[in-house]
2 protein chains.
Amino acid sequence: MDIEYIDLKECILAENEGDAQEVRDLLKEKNVILWNVMSSPGSGKTTFITDVIKRLGSQFRFGVIEADIESTVDAEKMHALGIPTVQLRTGGGCHLDAAMTMEALAKMPLDDLDVLIIENVGNLVCPAEFDVGANIATMLLSIPEGDDKCIKYPLMFTVTKAVFVTKMDVAPYFDFNFEALEKNSHRLNNDLRIFPVSVKTGEGMDEAVEWLKQQFN
Amino acid sequence: MDIEYIDLKECILAENEGDAQEVRDLLKEKNVILWNVMSSPGSGKTTFITDVIKRLGSQFRFGVIEADIESTVDAEKMHALGIPTVQLRTGGGCHLDAAMTMEALAKMPLDDLDVLIIENVGNLVCPAEFDVGANIATMLLSIPEGDDKCIKYPLMFTVTKAVFVTKMDVAPYFDFNFEALEKNSHRLNNDLRIFPVSVKTGEGMDEAVEWLKQQFN
């Protein structure tokens, strides 16, 4: 059974690669940057994305694709910001793939956008395997999750360009070892940028947003 | 592509059901209770399980199956407690299935065990779909993850008998609404037990362990 499962997965991944290239081609033509945001459940993706949009909303025209298994709460929050939002309910699915992204693109006013954000399903495993056609892939790791996540979920740290370490305001109450995170994650991905941030206090957000701005240009 | 993917998944799930029954039959014969522990990454599974073993180790003979994608750090912690430990490295796989559980059982001294614990892959999505043949399925939800997880990841709250709300010691620093969790999770699963706990301070552990003891008998 194991071997069969792996075969199926490889087949799906190969198909996905072709779809990801289609997404990339379309967005290049439309001059839109696609930013994929991944993390565990409850790391603060919606809060972080909302803050970035507030800080950069005068410089870039944003759109958001919300990938959620069942609920629409995050999409409603984004919609309340007045930006184009497409909700993809994966109906149990554990990740977004390029074909689903393509479906969302068809409903997006691409000519009126500069940056399209994907808030992926909360999951450190499966989303890392599926290239959605993004120009920038980043992840969030919250302080309470611990510094050892790059040892346990290495692929996510390998496929992303930056990790935003969220909830820095509660760092005094947890034993989070930044040196260990840096050492272990750079062993996997030497170019990985690490930004400690707290949306609540604003700590580190200037640096994080400045880096994102460079990626969007 | 969507339809194809769903077909494959259904096929895998059907095969898994048969394997789960095999696991159940073997463990019934050996008089061993199988306890499946699931949660997001970093919710505190290893810490919680370790504490339960310390508290109940004189009454039950425990064994542990550690399901990890890559690392062996959790298995080493369990092994240090002096209990039989089997490490299953899923090599990228996002969950444990019944066939993998069966492989682990073959290496376990089942005649010398009362309770076999599975520490599943840190993932709120995929492990909920795969019956590993457990007698009791439970989940952890840490305070920092937030009270809305049952809205976003409903299946996990449907297939488990109890949710241990961990890291209660940091509750003062987060806006976690217990009433919302109770209301929304009981809508999915009316019998779900909710135990607020902190291994650090010991809060709620007596009640949680008492309930587990009843399940193991």
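I will try to describe carefully the structure that is included in this document. (Residues numbered from 1 in each chain as written. Chains lettered and ligands numbered in written order. Predicted model: local features only at pLDDT ≥ 70, side-chain atom pairs only at ≥ 80, totals over all residues.)

Focus: the overall build of chain A
The helix and strand tally for chain A stands at eight helices and seven strands. Its C-alpha atoms put chain A at 50 × 45 × 30 Å along the principal axes. Residues counted as buried form 47% of the 217 residues belonging to chain A. Pairs at least 24 apart in sequence give 75% of the contacts found in chain A among residues at least 6 apart. (Helix = DSSP H or I, 4+ residues; strand = E, 2+ residues; numbered from the N terminus. Buried ≥ 20, exposed ≤ 12 C-beta atoms within 10 Å, placed from the backbone. Contact = placed C-beta atoms within 7 Å.)

Overview of the pairing of strand E4 (residues 115-119) of chain A
Residue and element names in this part refer to chain A. Among the five residues in E4, five count as buried, and that is most of the element. Residue alternation in E4 divides its side chains into two sets, Val115, Ile117 and Glu119 and Leu116 and Ile118, and both sets are buried. As paired strands, strand E1 (residues 33-38) and E4 are joined by five bridges and run parallel to one another. Note that in E4 the partner of Trp35 across the bridge is Ile117. Relative to E4, strand E2 (residues 62-68) is paired through five bridges, and the arrangement is parallel. If you follow Gly63 over to E4, its bridge partner there is Leu116. (Pairing = 2+ DSSP bridges.)

Some remarks on the relation of the copies chain A and chain B
Overlay of chain A on chain B (RMSD 0.0 Å): rotation 180 degrees, translation along the axis 0.0 Å. What the superposition gives is, in effect, a two-fold axis relating one chain to the other. (Least-squares fit on C-alpha atoms with pLDDT ≥ 70 in both.)

Structural notes on the packing of helix H2 (residues 45-56) of chain A against helix H8 (residues 205-216) of chain A
Geometry of a packed helix pair, given as the angle between the helix axes and the separation of the axes. All names here are of chain A. In the contact formed by H2 and H8, the axes pass within 11 Å of each other and the chain directions differ by 75 degrees. If you check the angle between H2 and H8, you find them roughly perpendicular. Packed against H2, whose contacting residues are Asp51, Val52, Arg55 and Leu56, the element H8 presents Met205, Val209, Leu212 and Lys213 at the interface. Grouping the amino acids of the contact of H2 with H8 by side-chain chemistry returns five nonpolar, no polar and three charged. (Axes fitted to C-alpha atoms, helices over the stretch in contact; angles between N-to-C directions. Parallel < 35°, antiparallel > 145°, perpendicular 65-115°, else oblique. Nonpolar A, V, L, I, M, F, W, Y, C, P; charged D, E, K, R; others polar.)

With respect to the sheet that holds strand E5 (residues 136-142) of chain B
Residue and element names in this part refer to chain B. Pairing in this open sheet of seven strands is parallel, and the strands run E3-E2-E4-E1-E5-E6-E7 from one edge to the other. The open sheet terminates on both sides in strands that have one partner only, identified here as strand E3 (85-89) and strand E7 (193-196). Neighbour to neighbour, the strand axes of the sheet diverge by 20 degrees on average, direction disregarded. In this structure, strand E1 (residues 33-38) lies alongside E5, joined through four bridges in parallel fashion. Within the sheet, the bridge partner assigned to Asn36 lies in E5 and is Ala137. In this fold helix H3 (residues 73-80) packs onto strand E2 (62-68), E3 and strand E4 (115-119), with an angle of close to 170 degrees to the strand it touches most, E2. On the sheet, helix H4 (residues 98-105) packs against E2, E3 and E4 and is oriented at approximately 145 degrees with respect to E3.

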